[in-house]
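Results of the structural survey
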Protein chains: 2
Amino acid sequence: MRGVGPSPPRCSSTSDCFLLSHLYKECGSDTTADYEKQEVKANTCRRDFARMRSVVIFYLCFLLSLCVGLACVVCVCIWNKQWRGGFAWDGSALQFNWHPVLMVTGMVVLYGNGVVLYRVPLTWGQNKLPWKLLHAGVLLLALLLSVLGLCAVFSFHNAKNIPHLYSLHSWIGICTAALFALQWAVGMAGFLVPWTPMSFRAQLKPVHVWMGTSILSLSIVSCISGINEKLFFVLKENTSETQPYSASPPEAVFGNTLGALIVAFGLVVVKILSNQKWQRPEPTPEDMAYRPVLQEDS
Amino acid sequence: MRGVGPSPPRCSSTSDCFLLSHLYKECGSDTTADYEKQEVKANTCRRDFARMRSVVIFYLCFLLSLCVGLACVVCVCIWNKQWRGGFAWDGSALQFNWHPVLMVTGMVVLYGNGVVLYRVPLTWGQNKLPWKLLHAGVLLLALLLSVLGLCAVFSFHNAKNIPHLYSLHSWIGICTAALFALQWAVGMAGFLVPWTPMSFRAQLKPVHVWMGTSILSLSIVSCISGINEKLFFVLKENTSETQPYSASPPEAVFGNTLGALIVAFGLVVVKILSNQKWQRPEPTPEDMAYRPVLQEDS
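Keep in mind it's a predicted model, so treat the numbers as computed, not measured.

Parameters at a glance
- Residues numbered from 1 in each chain as written.
- Chains lettered and ligands numbered in written order.
- Predicted model: local features only at pLDDT ≥ 70, side-chain atom pairs only at ≥ 80, totals over all residues.
- Heavy atoms only, no water.
- Least-squares fit on C-alpha atoms with pLDDT ≥ 70 in both.
- Contact = heavy atoms within 4.5 Å.
- Axes fitted to C-alpha atoms, helices over the stretch in contact; angles between N-to-C directions.
- Helix = DSSP H or I, 4+ residues; strand = E, 2+ residues; numbered from the N terminus.
- Parallel < 35°, antiparallel > 145°, perpendicular 65-115°, else oblique.
- Nonpolar A, V, L, I, M, F, W, Y, C, P; charged D, E, K, R; others polar.
- Buried area = accessible area lost by both parts, 1.4 Å probe.
- Salt bridge = Lys/Arg side-chain N within 4 Å of Asp/Glu carboxyl O.
- Polar contact = N/O pair within 3.5 Å; in protein donor to acceptor, adjacent residues only side chain to side chain.
- Buried < 20%, exposed > 50% of the residue type's maximum accessible area, 1.4 Å probe, protein only.
- Core = buried A, V, L, I, M, F, W, Y, C linked by side-chain atoms within 4.5 Å.

What follows is about the relation of the copies chain A and chain B. You can overlay chain A on chain B at an RMSD of 0.1 Å; the transform is a turn of 180 degrees with a shift of 0.0 Å along its axis. These values place the two chain copies in the arrangement generated by a two-fold rotation axis. No C-alpha of chain A lies nearer the rotation axis than that of Ser 225 of chain A, which sits 2.1 Å from it. The overlap is high: 100% of the interface residues of chain A also sit at the interface in chain B, so the same surface is used on both sides.

See the structure below:
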């Protein structure tokens, strides 16, 4: 039976009051219940409200990362199609154009979203295995695109007799790709192979999380230095085709905007990863005992 | 009275056993105490040992960040002194040389160490205020060096009639410097001005921590893209003075190594910042009540 109850629960901050009182009404107040019961109910409402707000903010950030990521992919494709002549696999500059497209798509956008996927609150109450497989699958696709992106540039260098791996961009880029491959392999061995001891998993987890964020940051370092380098290469003063980079022609502004979008994507993803409230709850001691992969929870 | 007690406390892992048994001896075992007391003592020893190990690892990482940071500063000075002709403030290329030195020293090394300073476990049991002031002071010095580094390049551009802020490197760099200045000002207003409400501080803290790490990452993005750009600028094929960048002359390898050191510094600092065990413990609810700056704890 619903009726007029006692005064609504106290709010922890003024801004919560409107929504909290709304939730309070939703949860209901029983005139027959004593004050303690109402307090417990009010506390439950507060917790539900805080959890709901946290989940809503997560999904807004996730949506933002998807949108900014999509914008990065669209922009890098437009840049190489519109201003750099499009794509081919014939050892020409058109083959090189696959390099930025595949690296931005694989090592930044797919990688970032593949990492964030594992934090989706929807998955917390469910069996982890399908989400682990999805996480590993998306990251494998990201790794394959990255390797293809490296093949594009190595093959282009071979065709043009350009030395490999001499610039700082290439040093950071190749190390990032190697770390990414290592992280994927160690992650598979550590978290998906059923006979890996739980104690090893527990020790590996913080390293895996730190390396995951570091690889994204290094990918962004590589992309920004690469786009900057490419724009200096192609927008030179002594060519009649284009204005120099320093005159800020449309291609320069577009390329810089692509770089700014990549940085914005990285900031959103790192914000999601750094929020402790959005980390999957730690397994209980009971979960830490060894369980085969099809039943495991951690 | 000390004597031979029962068997030492169980170790959580084999590797802990030696040090744990040593600690157990240090803490002592009373034959008159009952089993429960011994268990409590053993648990205290375990906690002390875990805390001590965590603190030792922190100081090793901090020492590493200091050493790698120092190596970055030494290398960027050597590069500009040895290969780029040294320093001046006369609108020439020698004036430009202050730019990488001041940005690496201010926006990366001093900034990174200034941020980590605030996590030193030694400070946890003490009044926060002197450490806050040291944190703010080191970061102010970092900000001043960065602004001086920007003045060096703006003044050089003016002298040579080079447009400002056209490259992606400059876009990311100027935004990073602006965010750094904003973060410092908001940090001062939020955490050092005595009449700032504690509720505002509590809301600001996670944003301040996230922005702090993001600014370091953006500084590294700016430095790597800048060093890469500079090496392409100065190591050209058509100049007789040097070999081209693609031939990997000593300057190229040295510059790339400097870039790799900067990235390594960033990884160490981010590792320190991301370790939740090394975060200053949250204040208790009693501490959250407003207290003037000279007594405050949060």
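There is more to say, and it comes next.
To continue, consider the packing of helix 7 (residues 198–234) of chain B against helix 8 (residues 250–274) of chain B. Residues and elements named next belong to chain B. The geometry of helix 7 relative to helix 8 is characterised by a closest axis approach of 10 Å and an angle of 175 degrees between their N-to-C directions. When the axis of helix 7 is compared with that of helix 8, the two are roughly antiparallel. Along its contact with helix 7, which presents Thr 213, Leu 216, Ile 220, Cys 223, Ile 224, Ile 227, Leu 231 and Val 234, the element helix 8 presents Glu 251, Ala 252, Gly 255, Asn 256, Leu 258, Gly 259, Ile 262, Val 263, Gly 266, Val 269, Val 270 and Leu 273. Here the residues of the contact of helix 7 with helix 8 sort into 14 nonpolar, five polar and one charged.

For the rest of this paragraph, the subject is the interface of chain A and chain B. Taken residue by residue, the interface counts 35 residues in chain A and 35 residues in chain B. For the pair chain A and chain B, the summed buried surface comes to about 3,100 Å²; carbon and sulfur atoms form 73% of the total. Together, Tyr 166, Leu 168 and Trp 210 of chain A form the three largest contributors to the area buried by chain A at its contact with chain B, with a combined 21%. Inspection of the chain A/chain B interface yields zero salt bridges. Summed over the shared surface of chain A and chain B, the number is 13 residue pairs in polar contact (both at pLDDT 80 or more).

Residue and element names in this part refer to chain A. You can see Gly 212 is positioned in helix 7 (residues 198–234). Residue Gly 212 is classed as buried on the basis of its relative accessible area of 7%. Each residue touching Gly 212, except ones within four places of it in the same chain, is listed here: Tyr 111 and Gln 183.

Taken as a whole and judged by the stated rule, the model has four salt bridges over all chains. Between Arg 51 of chain A and Asp 48 of chain A there is a salt bridge whose closest N-O contact spans 3.4 Å. Taken together, the positions of Arg 51 of chain A and Asp 48 of chain A, both in helix 2 (residues 35–83) and three residues apart, correspond to about one turn of that helix. Judged by relative accessible area, which is 33%, Asp 48 of chain A ranks as partly exposed. Arg 84 of chain B serves as the salt-bridge partner of Glu 251 of chain B, at 2.8 Å between the closest nitrogen and oxygen. One end of the pair, Glu 251 of chain B, is in helix 8; the other, Arg 84 of chain B, is in the loop between helix 2 (35–83) and helix 3 (93–96), and 167 residues separate them in sequence. With a relative accessible area of 3%, Glu 251 of chain B lands in the buried category.

The subject of this paragraph is the environment of Val 221 of chain A. Inspection of the secondary structure assignment puts Val 221 of chain A in helix 7. In this structure the C-alpha to C-alpha distance between Val 221 of chain A and Ala 177 of chain A, which are 44 residues apart in sequence, comes to 12 Å. Setting aside residues up to four positions removed in sequence, Val 221 of chain A forms contacts with Ile 172 of chain A together with Ile 220, Val 221 and Ile 224 of chain B.

What follows concerns the nonpolar core. Counting 114 residues, the largest nonpolar core has Ile 262 of chain A together with Ile 262 of chain B as the members making the most contacts within it. Setting aside its immediate chain neighbours within four residues, Ile 262 of chain A contacts Cys 72, Val 104, Val 108, Ile 220, Cys 223, Ile 224 and Ile 227 of chain A.

With respect to the helices, strands and loops of the structure, Val 270 of chain B is situated in helix 8. For Val 270 of chain B, a relative accessible area of 18% puts it in the buried group. Residues Val 270 of chain B and Asn 238 of chain B lie 32 residues apart in sequence; the distance between their C-alpha atoms is 41 Å. In this view, Val 270 of chain B contacts Trp 210 of chain A together with Thr 213 and Leu 216 of chain B; residues no more than four positions away in its chain are not counted.

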